[in-house]
Structures are given as structure tokens and as C-alpha cells.
Amino acid sequence: MPENAYELTEPLDTDYLGVLQEASDADREAWGLAREYGRQILAGANDAWQRAEYPLETLRGLGERDLLTDGLDIPGRRRLSPLGAGLVTMELSRWDGSLGTAAAVQGGLALRSIALFGSPEQRERYLVPLAEASLLGAFALTEPDHGSDSVGLETSAVRDGDGYVITGEKKWIGNGASGGITVVWARCEDGGVRGFIVPQEAEGYRAEVIEGKAALRAIHQARITLDAVRVPADALLPGAQSFKEVSRALVQTRVGVAWSALGHAVGVYEAALAYSRQRVQFGKPLAKFQMVQERLVNMLTDVTDMQLMAAQTARLQERGRLRDQQASLFKVHNTVRARRVAATARDMLGGNGILLENHVARHMADIEGIHTYEGTESIQTLIVGRDVTGQSAFA
């Protein structure tokens, strides 16, 4: 085999315990569409990542294939079960973590916020365009000084005549500088946290793409300044009265992050397995070495553990029984294990493991991004710790 001519991207359908076999035909159809699309965009994924370019046409391609609804009931669009939505998220991240994150922002956050909390008129106006990705959407909660303690956000919305004036800053906002709308979360004069639909072309809305990222480089996140941005009264999301409603959206997003972590882990595990069969050292394939087999089995154990957690979480969602704390456990569990699997896979590939062409280094870096966003390991652990002990470590 010529040097570096390794085929490490062919899906091997890793599911050692048959955890995902309960997926319905509809789930499998969407999963298959996500896989087919992933194959198509893979050729450009490394280049976009290396150049830190955000190919918006790939996100719009998901909308054309009806893969952005994330289990929501959107008129005229495919509605997936929790398992089906998870499988789509998993598959997209298995090919390109930046695209998986873009889909989570568009469908899991922006679309979900309006679907859950919007007025009938807002839903009529925005849901289908967002699901089609003909309109881009962002979700602006995190601020420069308020990440893990996002409940302390300082962005304000003051009633002024027939509208509101919004002032503040936001950071790490996916799609925040890409054109479209941003769902901005701000504190009102009564102390409540409310959501507002803000057109990105609004006067006083300024967004700067954050540069120098070492993860998720093929999606743009922005730092946003809201300088007395005026919006009409009907920009307010009437169904969100407090931070409790924000948390409803974030819980679902944490579930999506955990599925994304599984996709990354499957991608790097299968790359390592394929490499072990193709790479010859000391006159035999790496797969014949005991140490290599042990590492592969350890990775498979983590992947299978992640799949079991994912399937049970989907069952709880289907029954309406998933608690916020369980979503936190799912998120921290899967991202921690994905980091471990990726580190082992990169090491197994030796020097070839740091080459983008072998698709492991990009996954390894992107996992660092998802491990942090939507709640760090520390915060998710403390949420679960408070639940099991009855004692809060936050104050």
C-alpha cells in the first residue's frame, strides 16, 4: 500500500450490543440521509476546518433534506422520535463536528426556542424558514462574563413605548454573524429573563467572528454587541417568562451534545480499527498486536457504554420522563468518554494521527469544543451531585 494511502472513513456500523437496532424505519431513513450527506461533505470538511471557513451551503443542504427539526413538530416537515433525532446528530458529528454544531444551533436552539415559546404569528413566520435553513438562526445567551453562571446575564431589555430597547454583549454565538435572526435572552426591568427575536441587520447590532479557535473551526461563533437595539413588542417570545424556560431548551441541547460526542467517538474508533488492519509494522498488521487489540476493546467498551446511555435517554424522552439532571449526566458521561476514545485513537495512529487527511485530529480537537459548551464537565457534575446529595455546591 502506498504511503499514507489509508481508507479510514468507511462506516463500520459499530453497535456491538445491538443497542441501536430498535430504531424505527423512519428513524433509519433519516439516519441514512444524514450518512449519505456526510459522505458528500467530507471531502471539503478538512479544508473548511483548516481555513476556518463556514460553508453555509452545507447547513442549507441539511434543510433541503429535512434534517434540522431535531424532533420538533414543524408543519410540513419530518418529525423524528428522540432516538431518530439523536441518530441524525450522531451521524452528522461522525463526519463533521462543525456541521453537527451548526445543526444544533439552527434546529436545537434557534428553531426550538421559537417552537416552544413563540406566539402563533412568530411560529407561522419563522419555523419553516428556519427548518429549511433558508433563514439562519442564532441563540444568544452566553455573555463575556457569564458562561457557566448564565443565569446572571447582564444584557437588559427596557420597555420603551411600543417596543423594547436591548443593550448588552453576547459571546460564543453560533450563526450570530452569519445573517438572519438571533434569539437574544435579556433581563427585563422586573428581573425576569425574556427572549427576543432580533434581526441581525437591526441598527445597533454588531457581530464579530471569533478568530483563533482550535476546535469547531468550520462554524463561526460571534461576539455580539447590542447597542440600544430597538425591537417591536411582537419580537418578544411570549411563552418564556423566566430563566426556567431557557433551561428547557438547554436540556434538549445537552442531550444533543451527548449524541454528538457519540458520533465523534464512533468516527475515531472506526478510523483506528481500520488503520490497525491496514498499517503494517514489524512485518504484520497492527491488529495482530496484543496491545493494539486491548486498546481497541477499551475504546469499543466506551463507545458501547455511550450507546447504552443514549438509547436509554431516548426512551426516557419518548415517555416524557427525562429529568434535567439525567440530561446533565448524559452530557458529561459521553463527552468525557469521547475525549478518552479520541486520545487513544490519535495515539494508535502515531504520526499519521495528527494529519487532517486521516480525520482523527479534527475530531479530537472538536470534542474539546463540545466538552465545554452547553455546560462544562464541572458544572454538569455539580448539577448531578446536588441531585444525589441534596446539597448545592454552587453557593
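Okay, so let's go over this structure.

1. As for the nonpolar core
Here's step 1: With 69 residues, the main nonpolar core has Leu62, Leu87, Trp259, Leu262, Tyr269, Leu296 and Met299 as its most contacted residues.
Here's step 2: Residue contributions to this core peak at 16 residues, all from helix H6 (residues 243-278).
Here's step 3: Counting 24 residues, the second-largest nonpolar core is a separate cluster that includes Leu109, Leu111, Leu135 and Ile197.

2. Structural notes on the packing of aromatic side chains
Here's step 1: Enumeration according to the criterion identifies five aromatic pairs in this entry.
Here's step 2: Judged by centre distance (5.9 Å) and plane angle (55°), the ring pair of Phe139 and Trp185 falls under tilted. With Phe139 in strand S1 (residues 137-140) and Trp185 in strand S4 (residues 181-188), this pair connects stretches of sequence that are 46 residues apart.
Here's step 3: Judged by its relative accessible area of 7%, Phe139 is buried.
Here's step 4: Since its relative accessible area comes to 0%, Trp185 is described here as buried.
Here's step 5: Taken together, the aromatic side chains of Phe117, Phe139 and Trp185 make up a single cluster linked through ring pairs.
Here's step 6: Cation over ring: Arg217 sits above Trp49, and NZ or CZ is 5.4 Å from the ring centre.
Here's step 7: Looking at Lys284, its charged tip hangs above the ring of Phe289, at a distance of 4.5 Å from the centre.

3. Things to note about the pattern of salt bridges
Here's step 1: This structure, assessed with the given rule, holds 20 salt bridges.
Here's step 2: With a shortest N-O distance of 3.3 Å, Glu10 and Arg39 are connected by a salt bridge. Placement of the pair is Glu10 in the segment before helix H1 (25-51) and Arg39 in helix H1, with a sequence separation of 29 residues.
Here's step 3: A relative accessible area of 41% means that Glu10 is categorised as partly exposed.
Here's step 4: Taking the shortest distance from any N to any O, the salt bridge between Arg77 and Glu132 comes out at 3.7 Å. Residue Arg77 is found in the loop between helix H2 (56-64) and helix H3 (82-95), and its partner Glu132 is found in helix H5 (residues 120-132); the two are separated by 55 residues along the sequence.
Here's step 5: What emerges from the salt-bridge pattern is a single network uniting Asp13, Arg35 and Glu91.

Cut-offs used in this document
- Residues numbered from 1 in each chain as written.
- Predicted model: local features only at pLDDT ≥ 70, side-chain atom pairs only at ≥ 80, totals over all residues.
- Heavy atoms only, no water.
- Core = buried A, V, L, I, M, F, W, Y, C linked by side-chain atoms within 4.5 Å.
- Buried < 20%, exposed > 50% of the residue type's maximum accessible area, 1.4 Å probe, protein only.
- Helix = DSSP H or I, 4+ residues; strand = E, 2+ residues; numbered from the N terminus.
- Phe/Tyr/Trp six-rings, centres within 6.5 Å; stacked < 30°, edge-to-face > 60°.
- Lys NZ or Arg CZ within 6 Å of the ring centre and 35° of its normal.
- Salt bridge = Lys/Arg side-chain N within 4 Å of Asp/Glu carboxyl O.

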